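Residue strings, one per chain:
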Amino acid sequence: MTDLFGNDALPPASGPSGTPDQPRDDAPLADRLRPRDLGEIIGQEHLTGPTGAIGRMVAAGKLSSMILWGPPGTGKTSIARLLANSVGMRFVSISAVFSGVADLKKAFAEADKMAGAGQRTLLFVDEIHRFNRAQQDGFLPFVERGTVTLVGATTENPSFELNAALLSRSQVLILERLSHEALEALLARAEALEGPLPLTDDARAALIASADGDGRFLLGQAETLYNAALSEPLDPAALGQFLQRRVAVYDKDREGHYNLISALHKSLRGSDPQAALYYMARMLTAGEEPMYVLRRLVRFASEDIGLADPNALTQCLAAKDAYEFLGSPEGELAIVQACLYLATAPKSNAAYAAQKAAFKSARETGSLMPPQNILNAPTKLMKDIGYGKGYAYDHDAEDGFSGDNYWPEGMEPQDYYAPVERGFERKVKERMEWWANRRAELREG
């Protein structure tokens, strides 16, 4: 089977027997281990299980268009292919990296023709975020008419990379980075097919940790080891040298990686720079990927510090840039600096709590329209029906604050964000209290 460009494509959704075709014996290990039904998908049971969004759709025998959002190597392509097979749909795969408008038109024309013959089409678009806004708009009429059921895959936040019209017609499903247990299960499948890996127990644990949740990467590294036909098992140090990349050396009881990153996170949260530095040093000297540590520090800066010290996130991103520029070992000093900054910064999880509360509210309120006075009115019709009427321009108001209402009609104002009395958030809290009091005065007046 070939894709739209005459290149080898993924196996078809189903072979003559109605099950996915067997890959060739010389196919890459990841292809030979591709799941043959949704029940074999590892690590995404919250979606593919009986109560998950995908599980429910398959049980009903009817798919809606969706966007699969998740890190690399978490099963997005496999899920799309098996979805088509599960409900008897034709599977067409294109990549936004290589395709253009002509390729999309061809895919839609073929889908239209097949629909006339009673065959529905699932169109899988890999890296859909790489299509520009105009190209994304081109999907809309075909999705609305049911010519195709669109399944897009992206590693980027759809809220920023996909236009609102496409998102409104698709369900966004979030795939999780594969856990240690899921990666263990994936590697066990490889060993059942190819035999035990030539690794000590410590090296095997280090290999899994180095994958950082990416199943495809893990299988690629395993295949490299199998192809080498090693006569003796490698220990962690020899594994790192063989693969020409850092691998973490952790104890068999998993004292490393997850336990150490938890200890680092909690030491930072507890404002103990000495303990935080110790656990970070444990990870880096064991061979942990510095970029993994940096990702955790960036997450911490938003989750546990937030606006108590807005510079915390800047420090972490600067450390990432410095490490990428200098490499190891010189660049690791920048990671140390970021770690110490986070540990000694004032703490607040107000932004993290606000995110959870706001997202919950957004899911519950659906598509309530903003009040008309704050909507733009670029056309005469929109002006005639009241868009923008009565909008108060804050810069013209006393103190640069109009006190206007910005919430949808029928929805009471909500308090998602509650800044703490620490660091910069103390000033933020003062401003918010002043605005609240001023707003009340203006309404009473």
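Remember, predicted model here, so these are calculated numbers, not experimental data.

So, how was this worked out
- Residues numbered from 1 in each chain as written.
- Predicted model: local features only at pLDDT ≥ 70, side-chain atom pairs only at ≥ 80, totals over all residues.
- Heavy atoms only, no water.
- Helix = DSSP H or I, 4+ residues; strand = E, 2+ residues; numbered from the N terminus.
- Buried < 20%, exposed > 50% of the residue type's maximum accessible area, 1.4 Å probe, protein only.
- Contact = heavy atoms within 4.5 Å.
- Lys, Arg positive; Asp, Glu negative; His and termini not counted.
- Charge placed at Lys NZ, Arg CZ, Asp CG, Glu CD.
- Pairing = 2+ DSSP bridges.
- Phe/Tyr/Trp six-rings, centres within 6.5 Å; stacked < 30°, edge-to-face > 60°.

Caption draft 1: Fine view of the overall build of the protein chain. In terms of regular secondary structure, the protein chain is built from 21 helices and 5 strands. Referenced to the eigenvectors of the C-alpha coordinate spread, the extents of the protein chain come out at roughly 85 × 70 × 40 Å. Across the 445 residues in the protein chain, those meeting the buried criterion constitute 44%. Look at the contacts in the protein chain between residues 6 or more apart in sequence, and 73% of them connect residues 24 or more apart. Charged side chains in the protein chain number 47 positive and 59 negative. The centres of these two groups are separated by 5 Å.

Caption draft 2: Region of interest: the environment of Gln135. With respect to the helices, strands and loops of the structure, Gln135 is situated in helix H6 (residues 133–137). A relative accessible area of 16% means that Gln135 is categorised as buried. When the C-alpha atoms of Gln135 and Leu104 are compared, they prove to be 8.9 Å apart, with 31 residues separating the residues in sequence. Each residue touching Gln135, except ones within four places of it in the same chain, is listed here: Gly100 and Val101.

Caption draft 3: Molecular detail of the pairing of strand E1 (residues 66–69). By the bridge criterion, 4 bridges tie E1 to strand E4 (residues 148–154) in an arrangement that is parallel. Among the inter-strand pairings, Ile67 is bridged to a residue of E4, identified as Gly152.

Caption draft 4: Region of the structure containing the packing of aromatic side chains. Considering all chains together, one arrives at 8 aromatic pairs under this definition. Ring centres of Phe91 and Phe124 lie 6.3 Å apart, and the angle between their planes is 20°; on these two criteria the pair is classed as stacked. Taken as a pair, Phe91 in strand E2 (residues 90–95) and Phe124 in strand E3 (residues 121–126) lie far apart in primary sequence, 33 residues in all. Using a relative accessible area of 5% as the deciding quantity, one classes Phe91 as buried. Considering the side-chain rings of Trp407 and Tyr416, the 6.1 Å spacing of their centres and the 55° angle between planes classify their relative orientation as tilted. Counting every residue linked through ring pairs, the aromatic cluster contains Phe108, Phe131, Phe139 and Phe142.

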